[in-house]
Structures are given as structure tokens and as C-alpha cells.
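Given next are the chains, with one letter for each unit.
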Amino acid sequence: MTEAILLVGGKGTRLRPLTVHTPKPMLPAAGVPFLTHQLARARTAGVEHIVLATSYLAEVFEPHFGDGSALGLHLEYVTEEEPLGTGGAIRNVASRLRSGPDEPVLVFNGDILTGLDIGALVRTHETSGADVSLHLTRVTDPRAYGLVPTDGAGRVLAFLEKPQTPEEIVTDQINAGAYVFRRSVIDTIPAGRVVSVERETFPGLLAAGAHLQGMVDSTYWLDLGTPAAFVRGSADLVLGKAPSPAVPGRCGDRLVLPTARVAPDAKLAGGTVVGEGAFVAEGAWVFGSTILPGAVIEPGAVVTDSLIGTRARVGERAVLSGAVIGDGAVIGAHNELREGVRVWCDATIPAGAVRFSSDQ
């Protein structure tokens, strides 16, 4: 197998304001755009040709990755004029594929961080003779996902979208967002319209008697669709919990990019990343957080499990926990921002304006 499709067209609405100026796959995770980790893992698995299906902010991908030669890849870019959904995006790039009708084509979602054994998925596809093979993973609470029950040989029996009652939870196996298609199957997806591979393509193939094979791989898996998950994924890459050959440095408790500055008595831990040109001042404490390029953490600030946008500023002795601060935003001194708060790009919160506890 030498080629793949990478679906990177989504708007990343659950990650706003981080995705106002940057598409989700280009947000820095462990110091590099998240897409870099996916490309590097595909190359390590033997993939050589990757077509990127782009849509939202499509213009930022090619200037960064070029033809892919720096990663040992050949990259091509296909932009949807109007979003076509997952299935429509796959069909839209079919003309750029080089595989023969019966050859395998790998398909990745651009927002999944995983330790999937890509080679094992391809071998499962080939040995089972499947039309499509799916990476499945097991989760403790499957209610937010599409369930994929299989028989004893791994053959897919059904696709059950987001069960609402205990009786509907017939398995803990979910669609993990990586597939191997027989090349000819891609050509059967309707062209030029919105198609969901999860809700239309896969159920339709199953109803038509096609062979869909599931492979359960329970290594590291995380959907990076929410700010909390994205921060956690970046930290796990730094800590070495999530595997990637693209982390720009040794795995450990912290990753400080070359032009970043950290005061000698500042404390960084929990997989924290300090991006290019960022500054963490004296007495600051940053745990499990991502500080994007050019951001400033002022003296005595405490930042936990948060993401601080490009050129944003966190004021002296401010306390942030589970917060997302947009690009260019300013958090004044002595503010206290707790779980789930999102501050929009270029917004300013005056000193001492927001607290969840007494100021005494």
C-alpha cells in the first residue's frame, strides 16, 4: 500500500475560537501542526502518496507542507468548493489516486490521534478480502459514538448511530475514523454532492451485501474535536503516552521550542508545550497546557490544562484552569477563569474582572 486520503476539510467548530484563523489539523500539538504527526506516522507505515481533501481555510496547507518531500512523501491537495461531507470528500479526490481497482487505499480523519498499527489494518483488509476495513476501538461510554458490532470473525454486522437507551448499546466497539477501501469501492460513492461515509456509504454497502471488516485496535485513541481533548492530546504526545515520530524533541514533562523563553524559577510540567517566541515569566506555574507561539504568561500566573492562543497574554497572578484563550486575547491580572471558559480572539478582560472565588 503506497497511498492514502487524509480528510482535513472540517471547520472545527467545537474548537472555536482556536479555529477562527487556523484549520483544526494545523493547530500546533506538541510543537508542530497536528497534521504533521499523522503524516509522519503514515510515512513510517510505508505510505508514500497522500491526497489531502481540503475545504475550510484550504490555502494554509500547501504553503506549509509543499510537495511533502521534507517528510519523504508526495502530497497533493484537492479543495472542495462546497463542503461535501466525509464520503463526498473521499469521492472528490478519487481522480488523484493511482491504485488499481482491487488495491487498498487508506483513509484517515484529520482529527484523530491514535497509536493504530496501520500495517495490521492493511493486512486485515487483504487477508479477509474485504471491500472496506475499519479501525474499531473500545470505549467505556459509547453513547456519543457510532457503534459497530461485529461477528466472531470480525465481519461488520451493523452501524448504529449514537445509542440513546441502554438496550441500544449492544457493543462497546466504535468507529475509530481510519479505513482501508478497495479502490473500486471509492468510485461507487456519488460524486458532486454531500455524502456521509458513516451514515450513508457504510450502511449502504452493508445493505448491498458488501464485505465490511472490523479490526479492533485498543492502543491509544483520542478524538481531538474539543479544546479539552486537544490540550490533552498535545500533552500526551509530549509525555510519550501517544506515539509520534514528529515530536520535535525528547519526550518528557515539558517541551520548550527553541526561541521560547522560560524564567529560571517558572515551573512547567504535565506535558506542557511552550511555542516559538512565547515567554513564561518568573514565578509562573504551567501544567498540562499548550502555550502557542508569541504568547506571554506574566509573573505568578497559574495555567492548568489550558490552551493559550498565538500572541495572547495572561496577566500577573491570573489563574486559568481548563480555559481556551483565543489568538491575541489579553487576560488582565488577578482574573480567575475556570473550566470550559473560552475567550475570543483579540478580546480583553480587564484586571480583576472575573473571579470564581473571593479576592481576599
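Keep in mind that this is a model prediction, so the values were computed, not measured.

## What about the overall build of the protein chain?
What the protein chain contains, in helices and strands, is 7 helices and 30 strands. The globule rule puts the C-alpha radius of gyration for 360 residues at 21 Å, and the 22 Å found for the protein chain is close to it. On the principal axes, the C-alpha backbone points of the protein chain span a range of 70 × 50 × 35 Å. Looking at the protein chain residue by residue over its 360 residues, the buried ones come to 55%. Taking the intrachain contacts of the protein chain between residues at least 6 apart in sequence as the baseline, contacts between residues at least 24 apart amount to 51%. Element-wise, carbon and sulfur atoms account for 51% of the exposed surface of the protein chain, whose accessible area totals about 14900 Å². One way to put it: in the protein chain the 30 positive side-chain charges average out to a point 3 Å from where the 39 negative ones average out.

## Quick look at the UniProt feature "domain: Mannose-1-phosphate guanyltransferase C-terminal" (unreviewed entry) in the protein chain
Within this numbering scheme, the UniProt entry marks residues 252-343 as carrying the feature "domain: Mannose-1-phosphate guanyltransferase C-terminal" (unreviewed entry). End C-alpha atoms of residues 252-343 are separated by 29 Å, and the span's content is 0% helix alongside 41% strand.

## Some details on helix 6 (residues 197-207)
Of all the positions in helix 6, only Val 197, Glu 198, Thr 201, Phe 202 and Leu 205 are classed as buried. For helix 6, the arc enclosing every buried residue in end-on projection is 110°, short of the 170-degree limit, so these residues lie on one face. Away from its buried face by more than 90 degrees, helix 6 exposes Arg 199 and Ala 207. Gly 209 sits one or two residues past helix 6 and shows a positive phi near 90°.

About the criteria used
Residues numbered from 1 in each chain as written. Predicted model: local features only at pLDDT ≥ 70, side-chain atom pairs only at ≥ 80, totals over all residues. Heavy atoms only, no water. Helix = DSSP H or I, 4+ residues; strand = E, 2+ residues; numbered from the N terminus. Rg over C-alpha atoms; globule rule 2.2 N^0.38 Å. Buried < 20%, exposed > 50% of the residue type's maximum accessible area, 1.4 Å probe, protein only. Contact = heavy atoms within 4.5 Å. Areas by Shrake-Rupley, 256 points an atom, 1.4 Å probe, with all protein chains shown as cover. Lys, Arg positive; Asp, Glu negative; His and termini not counted. Charge placed at Lys NZ, Arg CZ, Asp CG, Glu CD. UniProt positions renumbered as here; feature names shortened; annotations may be inferred. Arc of directions from axis to C-beta.

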